[in-house]
Amino acid sequence: MAELTVEMTYGRALFEVAEEAGQAEELLEEAEQVMAIFREDPQFYEFFSTPVISMAEKKAVMERVFAGKISPALLNLMFVLIDKRRGNHFERIIKQYRRCLDENRGFAPGVIYSVVPLEPEQLARFEEETGKLLGKRVKLSNQLHPELIGGVQIFIEGKVIDASVRKRLTDMKESLN
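A brief look at the structure comes next. Every value quoted in this text rests on a predicted model; they were computed, and no experiment measured them. Every residue gets a number counted from 1 within its own chain, in the order that chain's sequence is written. pLDDT decides what is reported in this predicted model: residues at 70 or higher carry local features, side-chain atom pairs at 80 or more are listed and counted, and totals for whole chains, interfaces and linings draw on all residues regardless. Side-chain metrics in this entry use all non-hydrogen atoms of the structure; hydrogen atoms and water are not considered.

With that settled, consider unusual backbone geometry. Positive phi outside glycine occurs at Arg85, with the angle close to 60°. Secondary structure elements are taken from DSSP: a helix is a run of H or I of four residues or more, a strand is a run of E of two residues or more, and numbering for both begins at the N terminus. With respect to the helices, strands and loops of the structure, Arg85 is situated in the loop between helix H5 (72-83) and helix H6 (90-104). Only protein chains enter the accessibility calculation, which uses a 1.4 Å probe; a residue is then buried when its area is under 20% of its type maximum, exposed when over 50%, and partly exposed in between. For Arg85, a relative accessible area of 47% gives the class partly exposed. Positive phi outside glycine occurs at Ile149, with the angle close to 75°. For Ile149, the position within the fold is in the loop between strand S2 (137-144) and strand S3 (151-156).

Spelled out as structure tokens, the structure:
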């Protein structure tokens, strides 16, 4: 629960700073680029997030790598996370930031589970159809869930839309009993 509070607190604070500066979209792009760098080089991410290396050394490296390439607000967040020994929360903080941005832009955030990754066109169609059903603009993130066998499950605003093969088989089994 404390981790959720960390993510919400830092994500919301970063969003408020970026929104006030009129750079909310740009900061999200920068943060996603930083996360891509961390994914491409797990040792660099480990360097950033481990408490073993001194804070001063980590800050100096982050300054050399990112200064002038990302916004001061994002670099400052990285410094704060280093100071508080919370670098391992970076990706989840950015996810929370993205949720804040989506909500501010009038999107209802949700998750769509599928057996295989959805193509961008498929995801857009599910967003459109779910939006029509709910009467809102919808922003879905795709997560894999192999146990579905096929089809999809959508979770949005406490509601579940289950169009999975697994659900159909369960329904069929119950109707035969």
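The next subject is the side chain of Lys58. Mapped onto the fold, Lys58 is located in helix H4 (residues 55-66). Despite its burial, Lys58 pairs with no opposite charge; the closest candidate is Glu46, at 8.8 Å N-O. Contact criterion: two residues are considered in contact whenever any of their non-hydrogen atoms come within 4.5 Å of each other. Non-local contacts of Lys58, meaning those with residues more than four positions away in its chain, are made with Phe47, Phe48, Ser49, Thr50, Pro51, Ile53 and Ile82. For the charge count, each Lys or Arg is scored as positive and each Asp or Glu as negative, with His and the chain ends excluded. Basic side-chain nitrogens of Lys or Arg form a salt bridge, by our definition, when they fall within 4 Å of a carboxyl oxygen of Asp or Glu.

The rule for pairing is simple: two strands pair if DSSP sees at least two bridges between them. Two elements, strand S1 (residues 107-114) and S3, share 5 bridges in a ladder whose sense is antiparallel. Paired with Tyr113 across the two strands is Gln153, which belongs to S3. Count of turn residues in the S3/strand S4 (residues 159-164) antiparallel hairpin: 2 residues, of which Glu157 carries a positive phi of about 50°.

Next up on the list: the layout of surface pockets. Put simply, the largest pocket is a space of about 410 Å³. Looking at the largest pocket, it is lined by 13 residues, and the ones nearest its centre are Lys95, Arg98, Arg99, Gly110 and Ser141. For the lining of the largest pocket, the secondary-structure elements that each account for two or more residues are H6, S1 and S2. A total of 5 residues in the lining of the largest pocket trace back to one element, the largest contributor, which is S2. The classification used treats Ala, Val, Leu, Ile, Met, Phe, Trp, Tyr, Cys and Pro as nonpolar, Asp, Glu, Lys and Arg as charged, and all other residues, Gly among them, as polar. Looking at the lining of the largest pocket residue by residue, the classes come out as 3 nonpolar, 4 polar and 6 charged. Two kinds of site are reported from a 1 Å grid over the protein atoms alone, namely cavities, where a 1.4 Å probe fits but cannot get out, and pockets, open sets with protein on both sides within 12 Å along at least five of seven lines, and residues are called lining when an atom falls within 4 Å of a point. Grid points are joined across faces, edges and corners, and a volume is the space filled by probe spheres set on the points.

Side chains of nonpolar character tend, in soluble globular proteins, to be buried together. For our purposes a nonpolar core is just a set of buried Ala, Val, Leu, Ile, Met, Phe, Trp, Tyr and Cys residues, chained together by side-chain atoms within 4.5 Å. Among the nonpolar cores identified, the biggest contains 32 residues, and Met62, Leu74, Leu77, Met78, Phe90 and Ile94 are the most heavily contacted of them. If you list the elements that add at least two residues to this core, you get helix H1 (2-20), helix H2 (24-40), helix H3 (42-49), H4, H5 and H6. Leaving out residues up to four positions away in the same chain, Met78 has contacts with Val34, Phe38, Phe48, Met62, Phe66, Ile70 and Phe90. Counting residues in hydrophobic clusters, the runner-up holds 9 residues, among them Ala108, Leu123, Leu140 and Ile154.

All right, on to the packing of H4 against H5 then. Where H4 contacts H5, the two axes come as close as 10 Å, and the packing angle between them is 165°. The angle between the axes of H4 and H5 places the two elements in the roughly antiparallel class. Judged by the sense of rotation from one axis to the other, the crossing of H4 with H5 is right-handed. On the side of H4, the interface is formed by Met55, Lys58, Lys59, Met62, Glu63 and Phe66, while H5 contributes Leu75, Met78, Phe79, Ile82 and Asp83. For helices, the axis comes from a line fit to the C-alpha atoms of the stretch in contact; other axes are also lines fit to C-alpha atoms, and the angle between any two N-to-C directions lies between 0 and 180 degrees. Roughly parallel means an angle under 35 degrees; roughly antiparallel, over 145; roughly perpendicular, 65 to 115; everything else is oblique. Working rule for handedness: look at the near helix, and if it is turned counterclockwise from the far one by less than a right angle, call the crossing left-handed; if clockwise, right-handed.

Another point: H5. In this scheme, a helix's expected span is set at 1.5 Å multiplied by one less than its residue total. Between the first and last C-alpha of H5 there are 16 Å, a value that for 12 residues agrees with the 16 Å anticipated at 1.5 Å per step. Three or more residues of H5 are buried, namely Leu74, Leu75, Leu77, Met78, Phe79, Leu81 and Ile82. After H5 finishes, the residue Arg85 shows a positive phi value of roughly 60°.

The interhelical angle for the contact between H2 and H3, taken along N-to-C directions, is 110°, at an axis separation of 5 Å. Taken together, the axes of H2 and H3 are roughly perpendicular relative to one another. For the pair H2 and H3, the contacting residues are Ile37, Phe38, Arg39 and Glu40 in the first and Pro42, Phe44, Tyr45 and Phe48 in the second.

Now for the packing of aromatic side chains. Each pair of aromatic rings taken from Phe, Tyr and Trp, with Trp reduced to its six-membered ring, is defined by centres within 6.5 Å and is described as stacked if the planes are under 30 degrees apart, edge-to-face if over 60, and tilted in the remaining cases. Within the structure shown, the criterion is met by 8 aromatic pairs. Centre to centre, the rings of Phe38 and Phe90 are 5.7 Å apart; their planes meet at 80°, and the pair counts as edge-to-face. Taken together, the residues Phe38 in helix H2 and Phe90 in helix H6 connect sequence positions 52 residues apart. Grouping residues by exposure puts Phe38 and Phe90 together as buried. Among the aromatic residues, those joined into a ring-pair cluster are Phe38, Phe44, Tyr45, Phe48, Phe66 and Phe90. The residue whose ring lies beneath Arg137 is Phe107, and the NZ or CZ to ring-centre distance is 4.1 Å. Note on criteria: charge over ring means Lys NZ or Arg CZ within 6 Å of the ring centre, with the direction from the centre no more than 35 degrees off the ring normal.

Note that every value here comes from positions in space, so none of it alone points to a role or purpose.
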